[in-house]
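Single-letter residue listing:
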Amino acid sequence: MIAELISVGTELLLGNIVNTNACYLSRKCAELGYALYHEITVGDNEARLCEAINTALSRADVVILTGGLGPTEDDITKQAVAKVLNKNLVTDEDSRRKIEEYFKFRYQDNPKHTISENNWKQALKIEGCTVVGNNNGTAPGYIVEHNSKVIILLPGPPSEMIPMFEASIKPYLQKRQNKIFFSNMVKICGIGESKAEADIIDLIKAQSNPTIAPYAKDGEVHFRITASADNEEEAKRLIKPVVDELVKRFGINIYTTSEEETLESVLVKLLKQHGLTLATAESCTGGLLAGRLVNVSGVSEVFGEGFVTYSNEAKMKYLNVKEETLRQFGAVSSQTAGEMAQGAARAAGANAGLAITGIAGPDGGTSAKPVGLVYIAAYLNGSVAVNEYHLKGNRQKVRELSVIYAMDLLRRMILSQMNNQQF
Ligand code: ATP
Ligand code: MG
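Below is a short write-up of the structure. It should be emphasised that the depicted structure is a prediction, and the values quoted were computed from it without experimental measurement. (Residues numbered from 1 in each chain as written. Chains lettered and ligands numbered in written order. Predicted model: local features only at pLDDT ≥ 70, side-chain atom pairs only at ≥ 80, totals over all residues. Heavy atoms only, no water.)

Considerations on the site of ligand 1
Link 1 in the chain: Surrounding ligand 1, one finds 17 residues, the nearest of these being Asn19, Leu69, Gly70, Asp75 and Gly156.
Link 2 in the chain: Backbone polar atom of Asn21 to a nitrogen atom of ligand 1: 3.2 Å apart, as the coordinates give it.
Link 3 in the chain: Between an oxygen atom of ligand 1 and a side-chain N or O atom of Asp75, the distance comes to 2.9 Å.
Link 4 in the chain: When ligand 1 is considered free in solution it has 620 Å² of accessible area, and contact with the protein chains removes 75% of it.
Link 5 in the chain: The residue makeup of the shell around ligand 1, split by class, is eight nonpolar, seven polar and two charged. (Near = heavy atom within 4 Å. Polar contact = N/O pair within 3.5 Å; in protein donor to acceptor, adjacent residues only side chain to side chain. Areas by Shrake-Rupley, 256 points an atom, 1.4 Å probe, with all protein chains shown as cover. Nonpolar A, V, L, I, M, F, W, Y, C, P; charged D, E, K, R; others polar.)

What follows is the structure, given as structure tokens:
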């Protein structure tokens, strides 16, 4: 089944608001197995909106519109849909009553208040449609079935649109789809997107059901494996061999096959599983690593303290980095990173230490130590591993990538030590 989205609102075209509705609905369509070939954004103009609706109806089975359902003059979505389908707008008694109740409650301290004429616009529905309740605002949504097509109208504010979609539209779309779609995520860190794709290009080329879709994220690559089947059991059966094959090929580079897990949650889980505690020492990331770790609820069990040691003095004072090391090799060096990781663990009485020192830029680089040069060290039960990275991007990106690679380094070290493998 093919779906098409129409986002209505001049403010979208002016760049005044970001079209998060389209982003959300595209993802939902993919999850529900609706193919999305086009998205349209159109201003609050009836002629152009009618044209967009006609175009969408000519090539999609389901057309989803967001925005323009409110009471004001520029809210024209309902009229435009009615016009295209050649249907009347009629009063929906239920909506009319709800509007009355809403204003009675809202203005109970002001009995003289009258409901302005344009509010009754929200009680109008396209004849023959289904009205969808809105628990978070006054504008209802609508489902219009017309010949073999469906047109769905949703309010613009995401705080109204998303709960309405989840509660009413998703089950409706699921029912219309005769197949179910089920997917698994394989999340990889430590391999670039092109290398990751090249490693499984034979599988990607041969894919049909399940499909394999790569998503490149900063420092990570995710593969979504999606199968369509008559039921969930059958879909899982189709997905399993593909996930198993990816696990075989990418091995330790995969940090999770669960949609919900993040790199930090996986690291925290590993630390807990092995009864380990962690301390961090950060220079150029200035606390970003600690910030990522505390995204995970329950992290306090394994993470008690982190040090932000930006200056050489702080590195010596809190982490016991040797003056001689700093003088001989510099603050951005493998030796300093190693001493920072070890020093943090010792100072905090933790089994593990994770340290980052680098040149995030845009200033401060030299030919010997250019911007993007970062050393990351992990200390675990007496051994230290230090990696040198040459990261590309602006200051923020260098810092964020450093945090990702740091968490990944410790994750790999724990897995290797626990499996008695050479790291
Ligand atoms: P209202 O009853 O508030 O007028 P509406 O259904 O008529 O709702 P719009 O008037 O088009 O919707 O938009 C109202 C607000 O909803 C916008 O100012 C914006 O904040 C948000 N909004 C609308 N469309 C989108 C979108 N595509 N993505 C994100 N936010 C949106
Ligand atoms: Mg509006």
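Thoughts on the nonpolar core
Link 1 in the chain: Counting residues in hydrophobic clusters, the biggest one holds 40 residues, and the most contacted among them are Leu293 and Leu410.
Link 2 in the chain: Of all the secondary structure elements, the ones that give two or more residues to this core are helix H10 (263-273), helix H11 (288-293), strand S15 (352-358), strand S16 (373-380), strand S17 (383-390) and helix H15 (395-418).
Link 3 in the chain: The element that contributes the greatest number of residues to this core is H15, accounting for 11 residues.
Link 4 in the chain: Apart from the residues within four sequence positions on either side, Leu410 is in contact with Leu267, Leu271, Leu278, Ala352, Leu354, Ala378 and Tyr379. (Core = buried A, V, L, I, M, F, W, Y, C linked by side-chain atoms within 4.5 Å. Buried < 20%, exposed > 50% of the residue type's maximum accessible area, 1.4 Å probe, protein only. Helix = DSSP H or I, 4+ residues; strand = E, 2+ residues; numbered from the N terminus. Contact = heavy atoms within 4.5 Å.)

Some words on helix H4 (residues 77-85)
Link 1 in the chain: For H4, the set of buried residues is Thr77, Lys78, Ala80, Val81, Ala82 and Leu85.
Link 2 in the chain: Backbone geometry just after H4 places Asn86 at a positive phi near 60°.

Digging into the sheet that holds strand S7 (residues 141-146)
Link 1 in the chain: Spatial ordering of the open sheet is given by S2-S1-S3-S8-S7-S6, a layout of six strands whose pairing is mixed. The open sheet has two edge strands, strand S2 (35-42) and strand S6 (130-132), and neither has a second partner. On average, adjacent strands in this sheet sit at an angle of 15° to one another, irrespective of strand direction.
Link 2 in the chain: Sheet topology places strand S1 (residues 2-8) next to strand S3 (residues 62-66); five bridges connect them, and they run parallel. Following the sheet pairing, Ile6 is matched in S3 by Leu65.
Link 3 in the chain: On top of the sheet, helix H2 (residues 20-32) reaches S1, S2 and S3; it is set at about 170° to S1, its chief contact. (Pairing = 2+ DSSP bridges. Axes fitted to C-alpha atoms, helices over the stretch in contact; angles between N-to-C directions.)

A closer look at the packing of H10 against H15
Relative placement of two packed helices is described by the angle separating their axes and the distance separating the axes.
Link 1 in the chain: Look at H10 against H15: their axes get within 10 Å of each other, and the N-to-C directions meet at 30°. Here H10 is positioned roughly parallel relative to H15, judged by the angle of their axes. Regarding H10 and H15, the two cross each other, and that crossing is left-handed. Side by side, H10 and H15 meet where Leu263, Glu264, Val266, Leu267, Leu270 and Leu271 of the first sit next to Ile404, Met407, Asp408, Leu410, Arg411, Ile414 and Leu415 of the second.
Link 2 in the chain: Taken together, the residues that form the contact of H10 with H15 break down as 10 nonpolar, no polar and three charged. (Parallel < 35°, antiparallel > 145°, perpendicular 65-115°, else oblique. Left-handed = near helix turned anticlockwise from the far one by under 90°.)

Re the packing of H2 against helix H6 (residues 158-176)
Link 1 in the chain: At a minimum axis separation of 12 Å, H2 and H6 run at an interaxial angle of 20°. Our classification of the angle between H2 and H6 gives roughly parallel. Seen from above, H2 lies across H6 with right-handed handedness. Here Thr20, Asn21, Tyr24, Leu25, Lys28 and Leu32 of H2 come into contact with H6, specifically with Pro158, Met161, Ile162, Phe165, Glu166, Lys170, Leu173 and Gln174.
Link 2 in the chain: For the contact of H2 with H6, the residue count by class is eight nonpolar, three polar and three charged.

Some points on the environment of Pro155
Link 1 in the chain: Mapped onto the elements, Pro155 comes out in the loop between strand S8 (149-154) and H6.
Link 2 in the chain: Here the alpha-carbon distance between Pro155 and Leu69, two residues 86 residues apart in the chain, equals 5.6 Å.
Link 3 in the chain: Not counting the four nearest positions on each side in its chain, Pro155 is found in contact with Asn21, Thr66, Gly67, Leu69, Asn134, Ala139, Glu160, Met161 and Met164.

Digging into the packing of aromatic side chains
Link 1 in the chain: Evaluated as defined, the whole model comprises five aromatic pairs.
Link 2 in the chain: Aromatic pair Tyr102 and Phe103: ring centres 5.1 Å apart, planes at 90°, arrangement edge-to-face.
Link 3 in the chain: By relative accessible area, which is 14% here, Phe103 ends up buried.
Link 4 in the chain: For the pair Tyr389 and Tyr405, a centre-to-centre distance of 5.3 Å together with 0° between the ring planes defines the contact as stacked. Note that Tyr389 is positioned in strand S17 and Tyr405 in helix H15, a separation of 16 residues in sequence.
Link 5 in the chain: Judged by its relative accessible area of 16%, Tyr389 falls in the buried class.
Link 6 in the chain: What links up through ring pairs into an aromatic cluster is the set Tyr102, Phe103 and Tyr107. (Phe/Tyr/Trp six-rings, centres within 6.5 Å; stacked < 30°, edge-to-face > 60°.)

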